[in-house]
Each structure stands twice: as structure tokens, then as C-alpha cells.
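Structure assessment
Residues per chain are reported as follows:
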Amino acid sequence: MGEDHAHHQYDGACALGWAALRRVPLLWVILFSILVFAGSSTTSQAQSGARFEGVATCAGSTCHGRAEGNGAVVRQDEIATWQEPSSASGAHSRAYSVLASRRGRQIAASLGLGAATSAPACLGCHSTYAPQGQRGARFILSDGVGCESCHGPAENWLAVHYARPATRASNVAAGLVPLDKPKVRAQVCLDCHYGSTKTGQFVTHEMMAAGHPRVSFELDLFSALQQHHDEDADYVQRKPRTDSVRLWAVGQAEAVRRQTDLFARPKFAREGMFPQFYFYDCHSCHRAITDGPERKLTFEKNPGRSIPFGNPPFNDENMILLSAVAKALAPAQASAFDVAAKTFHSAMGDGPRTSQEAAIALRARAGALSDALAARSYGGNAAFDVVAAIAGTATRPRFTDYAGSVQAVMALDTLLNAMVRDGRITVGAAAGIRASINRAYAAVSEPNSYRPAAFRNALGQAAGAIGALR
């Protein structure tokens, strides 16, 4: 049972990984909060004024509104999955309601926004924030992040996308967003899961100081959590089968491109006389302060960053992973990307103009990598090669900070699951090394107890266990 929707079959191996995460309470809470507090993208500005028809128009019992998934072509229980009250798959439907929660009210009060449920600064990501003139008769703002936030306003494709002689190409031509394309999906998700220039789609440091969760992004993982369909024979007839390694790799590249694009815009890069600290590593400043005769350094020198001593580093979690991907899968571009990344970090000590120019150059390198990673094939040992690169001598020393380390362990889990799906290793073999993955998760279970050396050791053991299965 296939569907024009997001992602691959969420199989037993992936469930093994998330069972492990549930035993790491704070990390699970952080990731779950990210999904709830930063819904998916609203595509209103990109769709030529087409009307948003609302979730109710998709909810018929012969369409996507069945209680159980038993349709012949699509599952037909997509609305029930989207509304699931107790799991991450229902996070988008809850995005609006959290604005009225105690936390949502506190954030809005601290920022002087009035009611969060009517504040544009919140609604850009916590709802399908369509302009008034583009809201159909059944559109309801309080539905939260609905179908059209990701699939595009339905006015021109709703009545024709399921009927003969409709094809995938004709549906896309009518405005259905082609989420099967990794670059497109990443760009849609990043609008809220990192930020965009659209109204209400940028989480400032001020918002985080008021209580908003730190925003993080990993395309393959978030796609799995939000999966509403199966990839079966008829799905593959219409679209390519999802390759998780490609999806993950392109997601890393698009994340770096989005980060540097926003940072290169003065409106987003600064907050008054200060830099916009949203872009920087939270834990470089938010650490315990002690005073005594013996100094206690709370950071390690990072070989990927040439920044002045004591300056907060740009949050380079995706840059580190993209560097590893490039070494493994796009070696012809790896050196140029690393040079651009180091130049960007170094520019932080030279002022806004120089850092802006360096961001633009790095954005171009990330874009070129995204193109290359989207176009290449991923057979053979691609996933094994990336795992080895992440834990290799060139990359592992760069895991000195909490955010990058979280990205790294999620990457290993994602790539391990991809190996199972592709038949490279068995479910039993993956389960046999779960203890090694769990140790790496445990090393990032809580920011205040994070110890870089212990994490790097756990990461190396986990990568070694995966590599032994090659």
C-alpha cells in the first residue's frame, strides 16, 4: 500500500533503535519536544496563491480517513496516524494545541506576544499558516500542522490526484509537493525544523531563553517518525523506493545550506548589538560556572574550528556529519568543503562582513554536495563507508560538543537501520550490537553529564561493532 507521502517502511530495526532511545529519557524528550514545538513547513508563499482546503477534505472514509489501514493502493488511515495522541507520529496535529499549554503560555507571556494561539511568530510553524484569502471553507487553523503544510495547498490537485488518468507527474504539475525527492523534502522540513525567511519560521535565541526547545534536524529520523505510508509494489511503480542513506546524507547537506543561508542574511544573523545566538552551540555558554584557585576548562579545542579562545562556536553538528559524508561518498568535493567550513569558523573572529562572505561560500559548497549526494547511487558498502568516516581519525576528534555528538549517534543508528533494510545485515545481527549503540546513546543522555572523551570512546566502539558486520 503506497501513498504520495513521506518516507520509507519503518521496520523492525528502526524500532530497535527507538526502543533504545526510550530508555534514554532526556534525549527522547528533547527530540519529541522538537517535533511538537516545531511543526513542519507551510508552503503558502511558494504555491502561487492556491487555496488551502483543510484537513477535513482529506478525511473521507474512501480517502485517508479510515480507522485502520486496509486500502488497496494507499493505507487510507493516514488521518488516524496524523492524529495519534501518544506517539511522535501525531506531533504535527498537536502542534497548535501546545501553544495553549502552560509552557506555550509562559513563552508568549515572556515575549509579550499576547495569546500564542494567535501570534504570527508562533503560527508559522505550529499551524498551516495560510493567508486569510487562501483559506477554503473547511480550513481550520487549530488543526495544527495539517496535510497541506507538507503536501502543498490542495485547491488544484485535491479533486484529481486520485482519479484516472492522474499520474505522479500530473499531480506534481497541479501543485502536489514531490516529497519523494530528498532535496525537496529536506527544504520543506527545514522551514520549521531549522528556520526560514517566512513569517513565524525562525526560532530566535530570545524565544529559546523564554523556554522554546533547542531546534535540531535529522531528515531520515524525522521522516521515519512521521511516516504515514508503506512502500510496496504500487508505490515503487509511481516513485523510486526511498534510500535512507541518500535521504540522511542529503538532509545533512541541506541543513548546512539552510544554516549558512540564514546566517548570511544580516536580518537573521544579529539581534541588536549582539550576534543571533540561535546559530551557536548552546552548551558552550550554558555550562556550570565555578570559581576557585584551580581553573576548570569546560570545553575542548576542536580541530575543525579556528575561533578565538573563549568565543562561542557556531553549532556545526551538521557540518561535521557532512564532512564525513563527503569523505566517504563525494571525495572529490571533500577537501573544498572542509576548507570552506574552517574558513567560516575562522571568520567569526573577523567581524560580520567577513563571516557573511564565508557563510555564502560555505553555502555554495553545501549546495554542490547536496546535488552530488542526491544524484549518486547508494549500492554496495556506502552505509558502512559513512559509518567508518564518522568514527574515523579525521572526524571523531571533532565531537567535542553535545549537539554534534547527538547527531553522530543518531547517524549511526540511521545507517545501521538502512543496512538492515537493504539486506546488507540481518535484523538479528543488528540486534546483537544494540548494546554498543545504547552505550553511545547513554553518553548523550543528558547535556550536563556529557563527557566528550567518554562519548568518543562509545562512538568508536559502536562504529567498530557495525564495521565488523561488513
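Structure: see above.
Described in the following lines is the structure provided in the data block.

Parameters and conventions
- Residues numbered from 1 in each chain as written.
- Predicted model: local features only at pLDDT ≥ 70, side-chain atom pairs only at ≥ 80, totals over all residues.
- Heavy atoms only, no water.
- Helix = DSSP H or I, 4+ residues; strand = E, 2+ residues; numbered from the N terminus.
- 1 Å grid on protein atoms, 1.4 Å probe; cavity = no way out; pocket = protein on both sides within 12 Å on 5 of 7 lines; lining within 4 Å.
- Points joined across faces, edges and corners; volume = space filled by probe spheres on them.
- Nonpolar A, V, L, I, M, F, W, Y, C, P; charged D, E, K, R; others polar.
- Buried < 20%, exposed > 50% of the residue type's maximum accessible area, 1.4 Å probe, protein only.
- Arc of directions from axis to C-beta.
- Salt bridge = Lys/Arg side-chain N within 4 Å of Asp/Glu carboxyl O.
- Core = buried A, V, L, I, M, F, W, Y, C linked by side-chain atoms within 4.5 Å.

1. Digging into unusual backbone geometry
In this structure, Pro165 follows Arg164 across a cis peptide bond, with omega equal to 5 degrees. Considering the arrangement of structural elements, one finds Pro165 in the loop between helix H7 (147-151) and helix H8 (168-173).

2. Description of empty space enclosed by the protein
Evaluated as defined, the whole model comprises 7 cavities of 30 Å³ or more. Here the largest cavity defines a volume of roughly 180 Å³. Around the largest cavity sit 17 residues that line it, and Ala121, Cys122, His126, Met207 and His212 are the ones nearest its centre. Of all the elements in the fold, those that place two or more residues in the lining of the largest cavity are helix H5 (102-111) and helix H6 (120-126). For the lining of the largest cavity, the class distribution of residues is 12 nonpolar, 5 polar and no charged. Estimates place the volume of the second largest cavity at around 110 Å³. For the lining of the second largest cavity, the class distribution of residues is 7 nonpolar, 4 polar and 2 charged.

3. Quick word on helix H21 (residues 434-442)
Of the residues making up H21, those classed as buried are Arg434, Ser436, Ile437, Ala440 and Tyr441. Buried residues along H21 cover an arc of 160 degrees about the axis, so they all sit on one side.

4. With respect to the pattern of salt bridges
By the definition in use, this model includes 20 salt bridges. Here Arg75 ties to Asp230 by a salt bridge, and the two come within 3.0 Å at their closest N and O atoms. Here Asp230 lies in the loop between helix H11 (219-225) and helix H12 (233-238) and Arg75 lies in the loop between helix H2 (25-37) and helix H3 (78-83), a separation of 155 residues in the sequence. With its nearest N and O atoms 3.0 Å apart, the salt bridge here joins Arg434 to Asp413. Here Arg434 is found in helix H21, whereas its partner Asp413 is found in helix H19 (residues 402-421), with 21 residues between them in sequence.

5. Remarks on the environment of Met319
Inspection of the secondary structure puts Met319 in helix H15 (residues 317-329). Sequence separation between Met319 and Ala253 is 66 residues, and the spatial gap between their C-alpha atoms is 7.9 Å.

6. Describing the nonpolar core
One finds Phe279 and Ile390 to be the most contacted residues of the largest nonpolar core, which totals 95 residues. Tallying contributions element by element places H19 first for this core, with 12 residues. Formed by 11 residues, the second largest nonpolar core is a distinct cluster that contains Leu99, Ala116, Cys122 and Phe139.

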